[in-house]
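Coordinate inspection notes
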Amino acid sequence: MRKLISFLAIALLATGASAEQDTLKYRISLKDKAATEYSLKKPEKYLSAKAIERRRKQNLPIDSTDLPVCRKYIDEIRKQGVKIVVTGKWDNFVTVSCNDTTLIDRIAALPFVLSTEKVWISPGAGKPSMATERDSVLNQPTMHPDSIYGRAITQIQMSNGDKLHEAGFKGQGMTIAVIDAGFHNVDKITAMQNIRILGTKDFVNQQADIFAESSHGMSVLSCIGMNRPDIMTGTAPEASFWLLRSEDEYSEHLVEQDYWSAAVEFADSVGVDVINTSLGYYSFDDKSKNYKYRDLDGRHALMSRQASHIADKGMILVCSAGNSGAGSWKKITPPGDADNVLTVGAIDKRAVLATFSSVGNTADHRVKPDVVAVGVGSDVIRTDGNQGRANGTSFSSPIMCGMVTCLWQACPTLTAKEVIELVRRSGDRAGFPDNIYGYGVPDMWKAYNDYKSNNK
C-alpha cells in the first residue's frame, strides 16, 4: 500500500497536480454576459452544426442562454486563486474548487458576480473518491430463442413499443445521452459490444475510469441499448449513445447538479436527440440544503432549471420520478419537477404502481409523474454480463426513453415538445391524469398512428 501511495504521489507531481487536494467547491452565479466576445448572429462560433440544425429544424430561437459564459469573467475568477471545475451557460454559472473561503469572499465582491453558494465539502481524508476494482465477468447469459427480447419482452410490449420495432423504428439515426453514475464493465460485457457507443465523458473526476465506476448506468443502458436477439433487446437497440457521468456516489452534494448541467450542455453540443437521466435529488450530506415540497416548482433546483431548458434546445429529457413513494418524502425528485420533460414512475408487469414510486404533483400543480413504465422486476444486464432483474424508477425511465426515441424517429416532423405531448395523450389515463400514475401507460403504437392520421 505504501508503494502504491508513493507511486500516486509521484504521478501527481509529474502531471503538475497539487499534492494538497481541494476540500471545497462553490457555485458562482453571474449577473450577465455583458463581456461576451460572441454574437447571436454568428452561432457557428459557439454551437456545433448539429446543435444549430436541431434548433433550425424545430424553429427554435438561439438566445442569450446559448452564449458561452464570458471568458473574461472566468479568467478573473481564476485569478483569485481557485480552480475552475465546470461552467454552465444556460444558468450562467462557474463552479470552482479551493481550500480557502476568503478566496470566495473576494470573488463575491467582483462586480459581475450575483451570488456564491457552497456546493461540496470533502468527505475527509481516507475516504474513497474513485473505483479501483472491477466485478468479475462471466459472459454466460441465458439464451431465449423464442423471442428477440428475451425476458425483457413484457417491459416493451406493455406500451406496444415492439410494434414500432416491427414497423422498422428501432432508433436508427437517433442519438441518446445516458447521464448517470458510471457504466461498470460495459467495455467488457460481450452481450453489450454491439451497442453503438459514440463516446464517454466524466464530469465528476477526469482521472476516474467510467467503466469501473457504478454499475447503475450500465443497467440503465442495457434497458435501452441492448441489441442481442435471443439474449435481450432494449427499447431503442439501433440508436447511438453518449455515456456521461455526473453522479458522485462517494458523497451527496449540490455540486452533482453542476456536473449534470455541464453534461446536458455537452449533450446539446454533440447533437444528442434524447437524454435519459435516472438520477434525482432531494436530500444531501449538508442537511441545510435539503429540499422541501414547496421547492418542487421546476425552478428552485439548478437541475430543474437546466432540465426546463432542454426542450427549448430541441431535445427530450426522460427522467426517473424517484423511489421515495413509501418513505416520508414520497414526492418526485428534481429534475422530475421541471417543465417540458417526461418524468416516469414505476409499475409492475401487471401495470400496478410500485409502492416505492414517487408521486406528484409539482408544487405549482402540474401533473407528475407524466407516465409510467415497468420498474419492478425490470429486465437488465448485470455486471457479470448475464441477465438479471432490478427495481426502481431508474429502470422505468430508460425503458420509456428508448420507446420515446423510436416514436420520434417515426414522427420526424414533430418538435421535442410535441413528442412529449403526444406521449402523454397516448396514456391509458390521459382523460383523467392523477398524481400517482400521471397520464398512465403510454401506447406508442397509438401515438404513432395518431401522428400519421394527422399528417396525411
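Here is what the cut-offs are and how they apply
Each chain has its residues counted from 1, running along the sequence as written. With pLDDT at 70 or above as the cut-off, local features in this predicted model cover only qualifying residues; side-chain atom pairs require 80 or more to be listed or tallied, and sums for whole chains, interfaces and linings still use all residues. Neither water nor hydrogens contribute to the side-chain values; these are computed over all heavy atoms in the structure. A pairing counts as a salt bridge when a side-chain nitrogen of Lys or Arg comes within 4 Å of a carboxyl oxygen of Asp or Glu. Only DSSP runs of H or I covering at least 4 residues are called helices, and only runs of E covering at least 2 are called strands; the numbering of each starts at the N terminus. Exposed residues in this analysis have more than 50% of their type's maximum accessible area, buried residues have under 20%, and partly exposed residues fall in between, with area computed by a 1.4 Å probe over protein chains only. A pair of strands is labelled paired if DSSP reports no fewer than 2 bridges between them. Helix axes use the C-alpha atoms of the stretch in contact, all axes being lines fitted to C-alpha atoms, and the angles between their N-to-C directions lie in the range 0 to 180 degrees. Crossing handedness is read from the near helix: turned anticlockwise from the far helix by less than a right angle, it gives a left-handed crossing, and turned clockwise, a right-handed one. Any pair of residues with heavy atoms lying within 4.5 Å of one another is described as a contacting pair. By the convention adopted, Pro, Cys, Tyr, Trp, Phe, Met, Ile, Leu, Val and Ala count as nonpolar, Lys, Arg, Asp and Glu as charged, and the other residues, Gly among them, as polar. Put plainly, a pocket is an open set of points on a 1 Å grid over the protein atoms alone with protein on both sides within 12 Å along at least five of seven lines, a cavity is a set where a 1.4 Å probe fits but cannot get out, and a lining residue has an atom within 4 Å of a point. Grid points are joined across faces, edges and corners, and a volume is the space filled by probe spheres set on the points. Here the limits of each domain have been adopted from an automatic or database domain assignment. By this rule the span expected of a helix is its residue count minus one, scaled by 1.5 Å. Note that the arc is defined by the directions from the helix axis to the C-beta atoms. Counted as a polar contact is a pair of N or O atoms within 3.5 Å, where, for protein atoms, one must be capable of donating a hydrogen and the other of accepting one, and residues adjacent in sequence contribute only when both atoms are in side chains.

The name that an unreviewed UniProt entry assigns to the chain is Peptidase S8/S53 domain-containing protein, with the source organism given as Bacteroides cellulosilyticus CL02T12C19.

With that out of the way, let us pick up the pattern of salt bridges. Tallied over the entire structure, the rule returns 32 salt bridges. Linking Asp63 and Lys313 is a salt bridge whose minimum nitrogen-to-oxygen distance equals 3.4 Å. With Asp63 in the loop between α2 (49–57) and α3 (71–78) and Lys313 in the loop between α9 (302–310) and β11 (316–320), this residue pair connects regions lying 250 residues apart in the sequence. Taking relative accessible area as the criterion, Asp63 reaches 30% and is therefore assigned partly exposed. Lys313 sits in the buried class, given a relative accessible area of 1%. One salt bridge connects Arg245 with Asp202, and the closest N-O pair in it is separated by 2.8 Å. One end of the pair, Arg245, is in strand β9 (residues 240–245); the other, Asp202, is in strand β6 (residues 196–202), and 43 residues separate them in sequence. Judged by relative accessible area, Arg245 falls into the buried class, the value being 1%. Exposure remark for Asp202: the relative accessible area of 12% places this residue in the buried category. Residues joined in a network through salt bridges with shared partners are Arg54, Arg55, Asp63, Asp66, Asp268 and Lys313.

For strand β5 (residues 175–180), a buried count of 6 out of 6 residues is recorded, marking the element as mostly surrounded by other parts of the structure. Side chains Thr175, Ala177 and Ile179 project from β5 onto one buried face, and the interleaved Ile176, Val178 and Asp180 project onto a second face that is buried too. As paired elements, β5 and β9 share 6 bridges and run parallel to each other. Each bridged residue has a counterpart across the sheet, and for Val178 the counterpart in β9 is Leu243. Note that β5 and strand β10 (residues 274–277) share 4 bridges and pair parallel. Directly across from Val178, in β10, lies its bridge partner Asn276.

Glancing now at the sheet that holds strand β4 (residues 113–121). Reading across the sheet, the 4 strands line up as β2-β3-β1-β4 and stay open at both edges, with antiparallel pairing between neighbours. Only two strands of the sheet have a single neighbouring strand rather than two, namely β2 (83–88) and β4. Across the sheet, the mean angle separating the axes of adjacent strands is 25° when strand polarity is ignored. Bridge count between strand β1 (residues 24–30) and β4: 7 bridges; the pairing is antiparallel. Looking at the pairing, Ile28 lines up with Thr116 of β4.

Right, let's get into the packing of helix α10 (residues 393–410) against helix α11 (residues 416–425). The contact between α10 and α11 brings their axes to 11 Å, and the two run at 115°. The chirality of how α10 crosses α11 is right-handed. On the side of α10, the interface is formed by Val404, Leu407 and Trp408, while α11 contributes Ala416, Val419, Leu422 and Val423. When the residues that make up the contact of α10 with α11 are grouped by side-chain class, the tally is 7 nonpolar, no polar and no charged.

Time to look at empty space enclosed by the protein. This model, assessed by the stated rule, comprises 2 cavities of 30 Å³ or more. The computed volume of the largest cavity comes to approximately 60 Å³. Contributing to the lining of the largest cavity are Lys118, Val119, Trp120, Ile121, His253, Leu254, Phe284, Asp286 and Lys289. Of the residues in the lining of the largest cavity, the class split is 5 nonpolar, 1 polar and 3 charged. There is about 30 Å³ of room inside the second largest cavity.

This brings us to the layout of surface pockets. Approximately 460 Å³ is the volume attributed to the second largest pocket. Looking at the second largest pocket, it is lined by 23 residues, and the ones nearest its centre are Pro68, Val69, Thr87, Lys89 and Glu265. Per-element accounting of the lining of the second largest pocket gives the leading share, 5 residues, to helix α8 (residues 255–269). Of the residues assigned to the lining of the second largest pocket, the class counts are 12 nonpolar, 4 polar and 7 charged. Looking at which domains feed residues into the lining of the second largest pocket, each of domain 1 (22–119) and domain 2 (150–453) gives three or more.

Let us now look at α8. The end-to-end C-alpha separation of α8 is 21 Å, in line with the 21 Å expected for 15 residues at 1.5 Å each. Within α8, 14 of the 15 residues are buried, which leaves it mostly tucked inside the rest of the structure. Just beyond α8, the residue with positive phi is Gly271, at close to 85°.

Listed as buried for helix α12 (residues 444–454) are Met444, Ala447, Tyr448 and Tyr451. Each buried residue of α12 sits inside an arc of 95° when the element is viewed along its axis, so together they form one side. For α12, the secondary structure elements touched by its buried residues are α6 (161–166), α10 and α11. Between the side-chain oxygen at the start of α12 and the backbone nitrogen of Trp445 there is a gap of 3.1 Å, and the oxygen is on Asp443.

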